[in-house]
Amino acid sequence: MSLFLPKLACKKDIDEVIKGVAEKVVVLRFGRDEDSVCLQLDEILSKTAHDLSNMASIYIVDVDKAPIYTRYFDISYIPSTVFFFNGQHMKVDYGSPDHTKFVGSFKTKQDFMDLIEVIYRGAMRGKMIVQSPIDPQNIPKYDLLYHGI
Amino acid sequence: MGAFYCAVCRQTSFSGKGHIFGKSHQSRLRVVLLKFLEKVKEARRTIKKPQVEKFDGPQHENKFWCYCCGLEIERNVTDGNMTVLHGGLLEHMATPEHKKNTHKFWWENKADPKLRDKVIITEEEIERFKDEVTKVLDTCVEKEDEFIKQQADHIRAQEKQRQEVLQSLIEVCFPRMQWQYPSLWPHYAVSKISRGSHFRPQDQQAGPSWVDPMVDVQWAGLGQALTFIGYQDSTNSGNVHTGAIPPWLQDDPLEGSSGAAAQPEIGPSLQDFLKQKEQEKLRKLPPNRVGANFDHSSHTDANWLPSFGRVWNSGRRWQSRHQFRQEEGQTNRHKRKREHGTDGSKKTKTE
C-alpha cells in the first residue's frame, strides 16, 4: 500500500515538495510504515490517490527520518496528516482539539475524499482554515497533552 | 370510311367527309382564312410600292405557313445586304403549283369561293412587282453610296484638324528647340513644314496618320540629362547576362559556420511554450486563492521552515517559526549548558 505512494526521506525533500507543488493540496502523512493504524491510513491514501490526482499530491514521511519537522509540527500521535496549499499550511476544524493536523486514520475513503475537496475549495477561495465535512463520530479521539518546554 | 385527318382542325375524324360540313370545322376554317388573308393583303399593298430595306438578320428571316400548299415559305427575299419585304410571299403565290393547291384546298374544305382569288396572285401582278423592285433597288444603292461618301468626307475633315493642331504646337515649341539644339532642329523643322504644306491639297484621299518625328527626337534629347554613376565591373562575380547565381540565393557571408548551425528559429522554444501554457491555466484560477503569489521556485536555505501555526501557539502563524527557532535554540543551549556544567563540576571535583 505505501509502496505506491512517494516517500520523503529528509528535510530537504519535504521542503522541496512543500515549495514545489503548485495549485494542489500537499498531503504529508507522518508516521511509521509498520504501525497498524498507519497501514490502514496508507491503504486509504493509496487507493484514493489516483482519483484525487488533480486536486492533491500525497506523500509519506517517516517521523524518524525528519525529526525537525516532527518537533515543528508537534507530532505526538501517529499517523498525523498535515495539509499544505501553495506553501501555506491549511488548518481544518475537525471538532478535535488540534486543528493543525489530522490525527489517526479515516473511516472510509469517501471521508478522505470529501476532506480533500473541502480543503481544495477553501484554498481556492482564499481560506486558510476550513470546516471538516467528516462526521465527528468518525474522527479518532485522542488527548492532547501539553508538554512543558 | 377510314380515318381522315383534318389539317385545319388538327383532328382525326372517323365520320368521313361529313366532318367538313360541321360547325366547328367551318368556324375554324374562317379563322384560319382570316389570318392568312391579312398576310396576303399586306403583301399586295407592297406590289405597287415595294419596300426594300437595308438591314438583315433575324428581323427579316421570317417564314410563313401556306395553308393551301402545306409548306413553310420565306416571307422576304434577301441577298445578304438588302431585303425585299414580302417578296417571298408574293413569289410563292404566283407559282402555278400554289394555284392548283389553292383550288384543291377550297374544294376540299368547302370554303368561301370569293376569298379564293385573293390568295392567288396573277402573273401580271408579279411582273409589275418585279419591275418596281428593281427600280427601288437602284435608288437604294445610290443612297448607300452617298452615305459612304459622306462618312469619308467627315473622316478627312477630322484628320485635317488634327494635323493643324499638331503643326500649331510645333510652331510654338520650335523657337525654344532651336535655341537649345541649333544643330539638330532646323533640318527636321524644315522637312516637317514642307510635308505639312504638301498634305493640304491631297484632301480627297484619306492618308495614313504618321508619327511625328519631332516627338521622337524630343524624348531622346531629354535622356541626356541623367546622372552617370560609373561603370559597373562585374567580371569577378558575374552578371545577369552571364547567368551567375543571384545574390539572394547565395550563402550569406555574415552567417556563422556554413550549414552546421541551424537557422535561428522563430518563435518561443518548446519549454517556453509549455510554460506559457501553464501560465494560461494559472490565469484561470481564482486570484484570491491561498498562496496565489507564492513563488514556487524561490531558493531557500537549509533551515527554512514553512509557516505552520503550531499547536500551543497563540498569535500569528509566521511567529510560530520564530518561536520554534527560539525553542530549538534554548534546548540546544540547555543541553550544552548541562554538558558544560557536568564537565565543569567534574573538573572541579577532580581538581
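Okay, so let's go over this structure. The shown structure was predicted, so the numbers you read here are calculated from the model rather than taken from an experiment.

1. Thoughts on the overall build of chain B
Helix and strand counts for chain B come out as nine helices and seven strands. The 351 residues of chain B split such that 23% are buried. Counting only contacts in chain B whose residues sit at least 6 apart along the sequence, the fraction spanning at least 24 positions is 55%. Carbon and sulfur atoms make up 55% of the accessible area of chain B, which totals about 27,200 Å².

2. Here's the deal with the nonpolar core
Membership of the largest hydrophobic core comes to 32 residues, with the highest contact counts inside it found for B:C68 and B:M93. When residues of this core are traced back to their parent elements, those giving at least two are α1 (23-48), β4 (63-66), α2 (87-94), α3 (96-109) and α5 (123-180) of chain B. The greatest single-element share of this core, amounting to eight residues, is contributed by α1(B). Every residue in contact with B:M93, bar those within four places of it in the chain, is listed here: B:F36, B:V40, B:F64, B:H98, B:V119, B:I120 and B:I121. Counting residues in hydrophobic clusters, the runner-up holds 30 residues, among them A:I58, A:F102, A:F112 and B:V290.

3. A short note on the side chain of B:R310
Take B:R310: it is sitting in the loop between α8 (270-284) and α9 (317-350). For B:R310, a relative accessible area of 8% translates into the label buried. In this structure the side chain of B:R310 is engaged in a polar contact, spanning 3.2 Å, whose partner is the backbone oxygen of A:Y72. The contact partners of B:R310, leaving out residues within four places of it in the chain, are A:R71, A:Y72, A:D74, A:T100, B:S320, B:F324 and B:E327.

4. Thoughts on the interface of chain A and chain B
Buried accessible area, meaning the area lost when the parts come together, often serves as the stated size of an interface. Each side of the interface is counted separately: chain A has 36 residues, and chain B has 29 residues. For the pair chain A and chain B, the summed buried surface comes to about 2,900 Å²; carbon and sulfur atoms form 61% of the total. When the area that chain A buries against chain B is broken down by residue, the three leading residues are A:K19, A:Y72 and A:M124, summing to 27%. Seen at the junction of chain A and chain B, the total is three salt bridges. Between B:R289 and A:E23 there is a salt bridge, and its shortest N-O distance comes to 2.5 Å. The tally of links between chain A and chain B comes to 15 residue pairs in polar contact (both at pLDDT 80 or more). Among the secondary structure elements, those contributing two or more residues to the side of chain A that touches chain B are α1 (11-20), α3 (67-72), β4 (80-85), β5 (88-93) and α4 (109-125) of chain A.

5. Here we look at the environment of A:K65
When you line up the elements, A:K65 lands in the loop between β3 (56-62) and α3. Sequence separation of A:K65 and A:R32 is 33 residues, and the distance between their C-alpha atoms is 9.9 Å.

6. Structural notes on the pairing of β5(A)
Residue and element names in this part refer to chain A. As paired elements, β4 and β5 share three bridges and run antiparallel to each other. Across the sheet, F85 pairs through a bridge with Q88, a residue of β5. Here β4 folds back onto β5, and the loop between the two strands holds two residues, one of which, N86, carries a positive phi near 55°. Note: β5 against strand β7 (residues 129-131), three bridges, orientation parallel. Counterpart to D93 in the pairing with β7 is Q131.

7. A closer look at the packing of α1(B) against α3(B)
All names here are of chain B. Contact geometry of α1 with α3 gives a least axis separation of 12 Å together with a crossing angle of 150°. Between α1 and α3, the crossing angle belongs to the class labelled roughly antiparallel. Across the interface between the two elements, H25, Q26, L29 and L33 from α1 touch F105, W106 and N109 from α3. Looking at the contact of α1 with α3 residue by residue, the classes come out as four nonpolar, three polar and no charged.

8. Regarding the packing of aromatic side chains
Applying the stated criterion across every chain, the model contains 13 aromatic pairs over all chains. Ring geometry for A:F73 versus B:F308: centroids 4.3 Å apart, planes at 45°, classification tilted. Residue A:F73 is located in the loop between α3 and β4, and its partner B:F308 is located in the loop between α8 and α9; the two belong to separate chains. Judged by relative accessible area, which is 0%, A:F73 ranks as buried. Judged by relative accessible area, which is 0%, B:F308 ranks as buried. Grouping aromatic residues by their ring pairs yields a cluster made of A:F30, A:Y69, A:Y72, A:F73, A:F84, B:F308 and B:F324. One residue, A:K19, lies across the ring of B:W304, its end atom 5.4 Å from the ring centre.

9. So, the sheet that holds strand β6 (residues 77-78) of chain B
Within the open sheet, the three strands sit side by side as β3-β7-β6 (chain B). Their pairing is antiparallel. The open sheet has two free edges, formed respectively by β3 (52-53) and β6 of chain B, since each of these has just one partner strand.

10. Overview of the pairing of strand β2 (residues 25-31) of chain A
Residues and elements named next belong to chain A. Judged by how many residues are buried, β2 sits mostly within the fold: seven of seven residues are covered. Burial along β2 is two-sided: V25, V27, R29 and G31 and V26, L28 and F30, pointing in opposite directions, are all buried. With seven bridges joining them, β2 and β3 adopt parallel strand pairing. Opposite L28, over in β3, you have Y59 as the bridge partner. Taken together, β2, helix α2 (residues 36-49) and β3 form a β-α-β motif whose crossover is right-handed. Two strands pair when backbone bridges link them, and β2 and β4 are joined in this way by six bridges, in the antiparallel orientation.

11. So, α1(A)
The set of residues buried in α1(A) consists of A:K11, A:I14, A:D15, A:V17, A:I18 and A:K19. The elements touched by buried residues of α1(A) are β1 (7-8), β2, β3, α3 and β4 of chain A.

12. Observations concerning α2(A)
With 14 residues, α2(A) ought to run about 20 Å at 1.5 Å a step, and its terminal C-alpha atoms sit 20 Å apart, in line with that. Among all positions of α2(A), only A:C38, A:L41, A:D42, A:I44, A:L45, A:S46 and A:T48 are buried.

13. So, a nonpolar patch on the surface
Residue and element names in this part refer to chain B. On the surface, I245, W248 and L249 cluster together into a nonpolar patch covering about 430 Å² of accessible area. Structurally, the position occupied by I245 is in the loop between α7 (213-222) and α8. Overall, the relative accessible area of 58% leaves I245 in the exposed class.

Scoring rules and cut-offs
Residues numbered from 1 in each chain as written. Chains lettered and ligands numbered in written order. Predicted model: local features only at pLDDT ≥ 70, side-chain atom pairs only at ≥ 80, totals over all residues. Heavy atoms only, no water. Helix = DSSP H or I, 4+ residues; strand = E, 2+ residues; numbered from the N terminus. Buried < 20%, exposed > 50% of the residue type's maximum accessible area, 1.4 Å probe, protein only. Contact = heavy atoms within 4.5 Å. Areas by Shrake-Rupley, 256 points an atom, 1.4 Å probe, with all protein chains shown as cover. Core = buried A, V, L, I, M, F, W, Y, C linked by side-chain atoms within 4.5 Å. Polar contact = N/O pair within 3.5 Å; in protein donor to acceptor, adjacent residues only side chain to side chain. Buried area = accessible area lost by both parts, 1.4 Å probe. Salt bridge = Lys/Arg side-chain N within 4 Å of Asp/Glu carboxyl O. Pairing = 2+ DSSP bridges. Axes fitted to C-alpha atoms, helices over the stretch in contact; angles between N-to-C directions. Parallel < 35°, antiparallel > 145°, perpendicular 65-115°, else oblique. Nonpolar A, V, L, I, M, F, W, Y, C, P; charged D, E, K, R; others polar. Phe/Tyr/Trp six-rings, centres within 6.5 Å; stacked < 30°, edge-to-face > 60°. Lys NZ or Arg CZ within 6 Å of the ring centre and 35° of its normal. Right-handed = clockwise from strand over helix to strand, strands pointing away. Expected span 1.5 Å × (residues − 1). Patch = residues over 30% accessible without salt bridge, like charges linked within 9 Å, V, L, I, M, F, W, Y side chains within 5 Å.

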